[in-house]
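# Summary of the model geometry
As a plain string of letters, each chain reads:
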Amino acid sequence: RHIFVGVDGSAASLDALRWAVRLAHATGGEVTAVHAFTPGEAELSPDYAKVLRGGAARRLAGWCATATGPGSVDSLVVDGDPDALLATADQNADLLVVGTRGAGGFAHLHLGSVTHHLAHHTQVPLAIVPTSAARQPVKRIVVGVDGSAGSAAAVAFCATLAPLLAATVVAVHADEPFVEWVSGPASRSWRRSAEAEVRRWVTPIEDNGVVVAVDVDRDIHPVAALCRAIDAEPDTLAVVGTRGLGGITGMRLGRVPIQLVHHTGAAVVMVPQSPVVVDAADLGTGQATGSS
């Protein structure tokens, strides 16, 4: 219900703000535009720092008025780098929303450095909203599921959001076996088993009165399967779980979430897994559609 949006005055951040306001109106939520303020000078007097911070607050209010109208959202200036935005969102928000940089000149990457940093370190669900999705309502949700703790978190997020939006849900599960080693009967048996597993994984969504369509496939990369489902209909939001905290780098993303942002024009919500310990026996055995 509490949506925080990172705003820096860029067109991408204002598009993300517009998307968040539309989502809040549909769900009864509240939006706070947050700007991380870092003075350009290393040493400032308290009075001068106050003047500069006041200027940042006025700029933020002006950006918000331009994007959504005067007084339509709350605004908050936090002192520090993007980690200050993370800390504020982790303590106060149910969803953090940011824009993308747009297609860059190197390998057609869509994530700016700040957004990339937030994606790897946020502890609350993070929506990355490209310009192409900024003015679209959310009428349909595609969720990646694989039985992992990360995908369980994505399912829990959908179970809360989908009823508020009266959105339809498609659960996508994909696998990449060596097709030449798999006979026709074995493939059909795999499909029946996979569909049954997906039904079990998405029970929390269906328990909230939402009908879930199941899309299982093999011999396809999970990102390709997700993009196919996302692109099938407009006004679609993608939801995927993250892999969880790594033991060396502290980064939370597996390959699928970050690749999905690079390959779809839809908004993507990345949901960190819950810190609750999950029994491995309850996780299933699928490949990493939701989190790897």
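What comes next is a walk through the structure.

This paragraph deals with the packing of helix α1 (residues 11-27) against helix α2 (residues 46-68). As a packed pair, α1 and α2 sit with axes 9 Å apart at the nearest point and diverge in direction by 60°. Between α1 and α2, the interaxial angle falls into the category oblique. Seen from above, α1 lies across α2 with right-handed handedness. In contact with Leu 14, Leu 17, Arg 18 and Val 21 of α1, α2 contributes Trp 63, Cys 64, Thr 66, Ala 67 and Thr 68. Along the lines of polarity and charge, the residues of the contact of α1 with α2 split into six nonpolar, two polar and one charged.

What follows covers the nonpolar core. One finds Val 97 and Val 239 to be the most contacted residues of the largest nonpolar core, which totals 56 residues. Broken down by element, this core gets its largest block of residues, nine residues, from helix α5 (residues 149-165). The contact partners of Val 239, leaving out residues within four places of it in the chain, are Ile 141, Val 142, Val 143, Gly 144, Ala 154, Phe 157, Cys 158, Val 269 and Val 271. If you look at the next biggest cluster of nonpolar residues, it comprises 35 residues, including Val 78, Val 172, Ile 220 and Leu 226.

To continue, consider the environment of Val 240. For Val 240, the location among the structural elements is in strand β9 (residues 236-241). Taking the relative accessible area as the measure of exposure, Val 240 reaches 1% and is therefore buried. Each C-alpha atom of the pair Val 240 and Cys 158 lies 9.8 Å from the other, and the pair is 82 residues apart in sequence.

The subject of this paragraph is helix α9 (residues 255-263). Of all the positions in α9, only Val 256, Pro 257, Ile 258, Leu 260 and Val 261 are classed as buried. Contact partners of the buried residues in α9: α4 (113-121), β5 (126-129), α8 (222-231), β9 and β10 (267-271).

What follows concerns the side chain of Asp 15. You can see Asp 15 is positioned in helix α1. Within polar-contact distance, the side chain of Asp 15 engages the side chain of Arg 18 at 2.8 Å. There is a polar contact of 3.0 Å between the side chain of Asp 15 and the side chain of Thr 131. The residues touching Asp 15, leaving out its near neighbours within four places in the chain, are Thr 131, Ala 134 and Arg 135.

About the cut-offs
Every chain is numbered independently, its residues counted from 1 as its sequence is written. Totals for whole chains, interfaces and linings use every residue, but because this is a predicted model, local features are given only for residues with pLDDT of at least 70 and side-chain atom pairs only at 80 or more, for both listing and counting. By convention in this description, side-chain values take in all heavy atoms of the structure and omit both hydrogens and water. Lines are fitted to the C-alpha atoms to define the axes, a helix being fitted only along its stretch in contact, and any angle between axes, read from their N-to-C directions, falls within 0 to 180 degrees. Put simply, DSSP H or I for four residues or longer makes a helix, DSSP E for two residues or longer makes a strand, and each gets a number counted from the N terminus. Angle categories are assigned with fixed cut-offs, so that under 35 degrees is roughly parallel, over 145 is roughly antiparallel, 65 to 115 is roughly perpendicular, and the rest are oblique. We call a crossing left-handed when the near helix sits turned anticlockwise from the far one by less than a right angle, and right-handed when that turn is clockwise. The contact criterion used is simple: two residues touch if any of their non-hydrogen atoms lie within 4.5 Å. Gly counts as polar in this scheme, as do all residues outside two lists: the nonpolar Ala, Val, Leu, Ile, Met, Phe, Trp, Tyr, Cys and Pro, and the charged Asp, Glu, Lys and Arg. Only buried residues count toward a nonpolar core. Its members are Ala, Val, Leu, Ile, Met, Phe, Trp, Tyr and Cys residues joined through side-chain atoms within 4.5 Å. Relative accessibility under 20% of the residue-type maximum defines a buried residue, over 50% an exposed one, and the middle range a partly exposed one, all with a 1.4 Å probe and only protein chains included. Here a polar contact is taken to be a pair of N or O atoms separated by no more than 3.5 Å, where protein atoms must pair a possible hydrogen donor with a possible acceptor and residues adjacent in sequence count only if both atoms sit in side chains.

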